[in-house]
Every structure is written in C-alpha cells, then in structure tokens.
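Observations on chain architecture
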Amino acid sequence: MNTPAEPTADRPAGPVHPGEPAPEAAGDRAAVDAPAAPEAADDRRAVTGKRRIAFAAYTDEDRMTGLLVLLRSLALSDPAVCEDFLVLHPGLPDSAFDAARRLHPRLVPRPAGAPLDVFRLTGYDTVVALAPGTVVLGPLAPLLALRTGVAVVPSGSPDVPYGGLAVIQLRDVTAPVLGAAARGDEAAVGRALRDEGLLVPLASRYDVPAGHLYDDTPVPDSTVVLRFGAAGSTEGHGAAPLPSASSAPARAARERYELDDEAFRAAYCALPGPKHPELLLHCALPFPDGGRTPVDLVRQVAEVHRQQGRHDEAVALLTPVVAGRPDLPRCHETLGTSLMALSRYEEAETHLLLATVSPDFAARAYGQLARLAWLLGRTEDARGYALDGLDADPTDANCHAWYVRTRSGPVPGLSGDQAVPGEQLAHIALFADGQENAGDKVLPEAVRMCFGPDTGPARWYERSVHRLVDEPGLEELNARRGIVVGGGGLFLPDTAPNGNSGWQWNIPDAVLARITAPLAVFAVGYNVFDGQRYRRERFAASLRALVEKSAFFGLRNQGSVERVRELLPDGLRDRVRYQPCPTTVARHLDPGPDGPAGAEQRDDTVLVNCAYDRAGLRFGHDYGHFLGETAAAVRAISERAEVRYAAHMPADEKFVHDLRREHGITLPVEPLYLFSNDRIRELYRRTRLVIGMRGHAGMIPFGCGTPIISLVSHPKLAYFLSDIERPEWGLSVHDRSLGARLAERAAQVLDHHPAAVVDVHGRQEHLWSVTRANLGELQSLFGLPDPFSGRPVPHVPGPRPAEPARGLHLPDTRAK
C-alpha cells in the first residue's frame, strides 16, 4: 500500500485562518465558489479545523435517471448519513435538478467541464466521488473517516485510477494531478496519482462492476457499491447505466431503487434504526393529507424539531395528534418538553403528567416535571415529582439528582438569614452541584472573588440563571445593591431552553425592562458550537434588550465579543467589551503556594481531559482518528511523566473507557466532579501540564499558573488562545498529525517547564490588567471598595519579540 504524501512546507496542512485568504495551489482550478453555510447553522470550521465532506457525481441530461437511483440508494442504504451532494454538470438549467432535490435536502449543483473536475473542487476537504450509474447497497460512513490521499479500488489498469468511486482528500491533490484533470486526461491523472504516491487502495466491495456478474450470478453479500457500466474511463465515470449487460440479481438490486417519490419517502421513513434528522424531515414532510401518517412518525419528526430548537413546530405537529388521546404517553412527553422550552409551563405540566401513565416513560417524565417545578420555584413539588420518578425507576439518575438538589427544602437564593438585601449583590449564574461539571462549580466562586473575599450568602444572593424571573423574583433582584449575571457560556440556546430569552437566563423582556438595580453582565461567553443550528430571532431581541439595560456588558473572549456584536444594531455594539473569565486570573484572586516558576511544588504528572457533550458537533466523522492519535500521544508523553485523566463530569470518562478498549491504555482518573473547588485548583496547580478539551480544563489550570495545551473541538478554546496571543497552544481534534504534534508540544513544555510557567504568568498580566480596570468601574457602579487596592497596578506587556506565533492550523495551499 502506498503511503500518501504528508504535508510539507510547500503543501502544509489544515484550513486557513478566519478572514485570511488561502494561496491558490499550482495548476488550474474549477471556477466554482465555496457553498454558503446552511441557513441558521453556526459555521466556525476555520476556527475548529472541522472537515467539510461532500459526495459528488458528474451527470448530464442522459445520466439523470442514474443519478436519481444513486440518491435513493444512498439514502436507503445509509440512512444516518447526509452530507452535501455535489452534482457536477455541463451547464444544465436549474430546473433539471428538481427531481433530484426532492430526494436530497443538501443537493448542490455545480457547473463543471468534465468528470475529472472533481479533483479541482474548492470549499471542501473530503469528496467521495461516485458515478451516476452507481447503486449503494451498504454503508459508506466508513469512507468518511478516511483522512489521506485518494482512496480507490484498484482498477487493474495502470492508466485508469478507479472505476466508479474515489475518496479524495483535496488538500493532498498535487499540481500534476490538477493539471492532468484540467486537460481532461484521465490516463495522466492515473499516472500522476500513482507517481505522487497518493493512491490508497480500498477493498473491492466498494466498487463491484455489475458487468462482471453474468446470467444468474448473485451480487456478493459484502457489496457496498455496485457499479453499472463497463469498466474504463468513460463509462466508469459517468456513462448511462447498462443493467441489461448484467446478471439478473444485479439488475434486481438496482430495480429496488427505481421508486417514485412517494414510495421512496415511505421506504425511508419506515427504515428501522437511526436516521439523519435532515433526511428524515426531507422525506417525511409535508405529511400527506387525510391523517394517514403514522403517529410514531409524527412524533419522530416533532422530536427532530425539538432537538434542533424548533419547539414551536414540534408543538404544532403534536397538539392535534394527542387531542383526546391520553394513550400516547411518548407523544405527550415530547409535547410537554417542547412546551416547557417555549415557557408554556402550565400546558407542559399537563402533558408530562399524561406521559407518566406509561411505566416505560414515567421516570423520564417525572424528571422533566421536577425540573419544571423547580424552574417555577415550587421546590416541594419538584421533590415530590423526583420521588415519584424514583418510585417508578429507582435507578433513574435524573430523578435522583433532582431529589438531592431539592431535599434541603429552601429555594436557592433564599439562604443567609442574617443578610441585609441592600448590602448584597444578586448573582445570576449556572450553579453546579452534585456530580455536575467541575468547571461550573469553580466559576461562580471565581466571579465573586473578583468583588472581595466574602463569597458566601451574607454578601451574595444566589439565583440560578435557569429559574424563571417572575414578579416575586423581580422584587428580590431589585432589593439588592446590584445584579451580576455570569460568567460562563450562557449564550447557548439548547441548555435548558426557554421561550422568554432564547438563551440561558429565563427572564421575559417585560420583566427585564423593570429591573432597577444596576445590572452587570460579567465574563459571559457565546457558546454556540460549530455547526449548531438555532433560532436567532428571539435570542437577538432578548440580547438587544439586555445590552440596553446593562450598565456593564463584558464577554469572556474577543471571539464572543465579535459574534455578539454581529447580532446587535450599530448603536449598541460599542457597549460590548472584553472581560476575561475570572478563572484565568485565579493566582491574582487567591494566590496559592506558587514558587517563582511553580516547579518546586509540582507533581510529575500530566493531566488530560476530553468532553463528549454534543459529540457529533465536536468530532464529526473524526472520533476514531482523534482517539488513535491521542493514544499515540499518551504513550509518548508517558515516557516523560505520569499521565492521569481529569474528568470534569462523569460523562468525560468515556475517553478512558474507549482508550482502554480500543488501544489497551489505562489511565488513572481524577474525578474532579467530586472535588471541592480548593481541591480542583490545587490539583491543577500541582501538575506540570494540562491537555484539555473543555474550556475550563484550560482556563482553570492557566489561571493557577500551569501550562496548557488545548484540544480544540469548540471555537471558544481557540478564542481564548488568541486573546493571550498563544494560538500555538491549541491543536484541532481534526488535525491529521494530532498525535505527533501533541507529543512534540508536550515534550517542549516538560523539557523547558520553568520557562513555560513564566510564559503563563506573563500571559496572565494582560488579563488581570483588563479585569482590574473593569472591576474599578463595577465597584463604583455597585458602591463597593476595591479589595485589591493594596496591590500594584499590573503592567500590560506588549507583543512578545520572538518570531510570530504559529496559528492553530497551518495555512492550506487550497482555496477554501
């Protein structure tokens, strides 16, 4: 097997930086612009390095029937996959693609001169090229995980690189290949691919020529791709299918996908197992008239709407279905959850109670009821619902968590009997408890430490950001000397969604307008994931009202500042300012036992952390690659220090289990979700290096003076590294050479550890300077003394004089 060429100085790796044009590769290019991001989906691939993947096929009017068969077979054989499908064509009218659009929600027609223009595409990283005479009989998802070269089933001819399928990594395509493709010289393309060492062989099951199957020869059971048309350059790459030259079983395999639109849609919706949400919506909607749609299909579609934040559409679908039907508990559960997300709490409670009649859904519905009651301040009801859920299923973790949270009785925020409301600050934040995110435990205390050493109930009135601010809640807030909202990534639509604001603070605009206490938004982050879809209208309106009401509006990284300013009118944008997360300046808020370089008191350990919430958005098709690369890095780093695992949540321990199962590596676990804040900070203070994927797995150790390397699967990590002018401290989880680069950077830190710690301390000075200046303004706003008045004003260092920091990703030679 040939080894694909690795990135070199002339052909470096990775996507370009945001706003930075990529240099054109040598050779002619297809003059096609990159496609726009899907509507309402956040697109930050240039920051996270996430690959953009597409299928592609060249067709003309004569081959359009074959393309429709291909699209149907792809959907029905791999129902959980839905990437862009590029239809390369010689200039067909747009109406020629109407039939294809009815089969695929992400069809992208692109003019092209010839089939070989697939090698000259821009705007994507990986393209799976198929012939329109192809029928897909099995899953193609394994091909989407390929990362190098041009993967093909060898054709047996030295000049023809493949018959009907190729997985092309566009960044690997060299100038000789591009030149040959531009000339339409397929033989030259084949020779160039071979000479450049780009060919990666695939198993024969990915390209089985139907023309090799005669008479009654069955199609092999292992076949994934069955290709009609004779082998060779012209027919293989786009000729009209020739089923008559094939065996009867091969023709029958193709005929299974010669369906009309209604039959295709019904066949897809009836498939068992997971389906891609976009494909499901595309095939299921609009529902046929006459009430013939199965109830469970309506519920599945509503559940997709709910998961994608279209709660109003989920409610509209399910409301008529459940009318007079108490015997549909699963539908009532989805409807109740969607109504709760719209802040229609009374209706939601009714439907969730109806869902509890089924033993299969009772515990889950009671858990939602407990959360609903808690949001409304009905703590006793919440505890009762949690107990009912535990009666239905004693092992239900959600109900157990709500019982623990509510068993003490008082609503959070009403403690501190000796407190004088007018002397308190109200703190609106996400307060983690139990075995929840360790970062969300440390963060609220760090915010309070910015305003003085007393972080308890005598000084602070605590109110969860998720609890509804009703009339009594408004009175409690206005009774305080000021209100601090934050920090943390509260600008996120799908954590405890509500219809009042569209982000995590559950406050109606009309109530927000009647706040009279000084209001400060402090170190909040725009936490939308790369590729995440959400409704911006309600969020943008609430955001505008919040900025107008706030006396101080500070976001925790410049990336968040830019993203939020995009959603505001011109007159409000300048009110959004930078306020670093207070966890990043922990040494200044609470100096620990830190030596000049912090090395004397450190353990000889390296801590690793990974995150798994919204794993599909984090890893895409690259999780196997990430796991294998980090396994190699862990082995290399273990030769220099003990590698341990820092779990911020129980779910984070999936990495440890997967690493042991797939690669035979066992890591000791530090369960930070069980630790006190002091113990978390002490653990991070004493280690030599932290390699973390969670935002606070980087910010907390950095704030304690410990060197970090960030595993970037979310834009916020790259934003933070940009703020401290150290983008080279981050590596994308999609990086092709992640293992080697991670091991190399870790070795540099460990071998030159005192200097690395000094660099961390120097980077903190700017963050502390900004924080001190902002706190001076806030202390005046709230009428508070300066708790840091005895300390020297920090010096703000200029850019380091060394050679420019290398970016998170090296520039690519291909236009994106």
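Above this text you will find the structure in question.
About the cut-offs
Residues numbered from 1 in each chain as written. Predicted model: local features only at pLDDT ≥ 70, side-chain atom pairs only at ≥ 80, totals over all residues. Heavy atoms only, no water. Helix = DSSP H or I, 4+ residues; strand = E, 2+ residues; numbered from the N terminus. Buried < 20%, exposed > 50% of the residue type's maximum accessible area, 1.4 Å probe, protein only. Contact = heavy atoms within 4.5 Å. Areas by Shrake-Rupley, 256 points an atom, 1.4 Å probe, with all protein chains shown as cover. Pairing = 2+ DSSP bridges. Axes fitted to C-alpha atoms, helices over the stretch in contact; angles between N-to-C directions. Expected span 1.5 Å × (residues − 1).

1. Notes on the overall build of the chain
Helices and strands together make up the secondary structure of the chain, namely 32 helices and 23 strands. Across the 816 residues of the chain, 58% fall into the buried class. For the chain, the share of sequence-separated contacts (at least 6 apart) that also reach a separation of at least 24 residues comes to 74%. Surface summary for the chain: the accessible area is close to 31,200 Å², and the carbon and sulfur share equals 52%.

2. With respect to the sheet that holds strand β19 (residues 642-647)
Backbone-to-backbone hydrogen bonds pair the strands of a sheet. The strands run either parallel or antiparallel. The strand order across the open sheet formed by six strands is β20-β19-β18-β21-β22-β23, and the pairing between neighbours is parallel. Lying at the two open borders of the sheet, with one neighbouring strand each, are β20 (669-671) and β23 (730-732). Adjacent strand axes in the sheet meet at a mean angle of 20°, parallel and antiparallel pairs treated alike. When strand β18 (residues 605-609) meets strand β21 (residues 689-692), the two strands line up parallel, connected through four bridges. By the bridge assignment for β21, Leu607 is matched with Val690. Set on the sheet, helix α31 (residues 738-751) makes contact with β18, β21, β22 (708-712) and β23; between it and β23 the angle comes to about 170°.

3. A word on helix α11 (residues 295-307)
For α11, spanning 13 residues, the distance from its first C-alpha to its last is 18 Å, which sits close to the expected 18 Å at 1.5 Å a residue. Of the residues making up α11, those classed as buried are Leu297, Val298, Arg299, Gln300, Val301, Ala302, Glu303, Val304 and His305.

4. Digging into the sheet that holds strand β2 (residues 84-89)
Strand order in the open sheet formed by seven strands is β3-β2-β1-β4-β7-β6-β8, with mixed pairing between adjacent strands. Pairing within the sheet leaves two strands with one partner each, and these edge strands are β3 (107-111) and β8 (199-201). For this sheet the average axis-to-axis angle between neighbouring strands, irrespective of direction, equals 25°. Taken together, the five bridges between strand β1 (residues 53-58) and β2 define a ladder with parallel strand orientation. Following the sheet pairing, Ala54 is matched in β2 by Asp84. Contacting β1, β2, β3 and β4 (126-130), helix α2 (residues 64-77) crosses the sheet at an angle of about 170° to β2.

5. Things to note about the environment of Met649
Tracing the chain through its elements places Met649 in the loop between β19 and α27 (654-663). Classification of Met649 by relative accessible area gives partly exposed; the value is 26%. Each C-alpha atom, one on Met649 and one on Pro671, is 7.5 Å from the other, the two residues being 22 residues apart in sequence.

In short, the description is geometric, and any link to function would need to be established separately.
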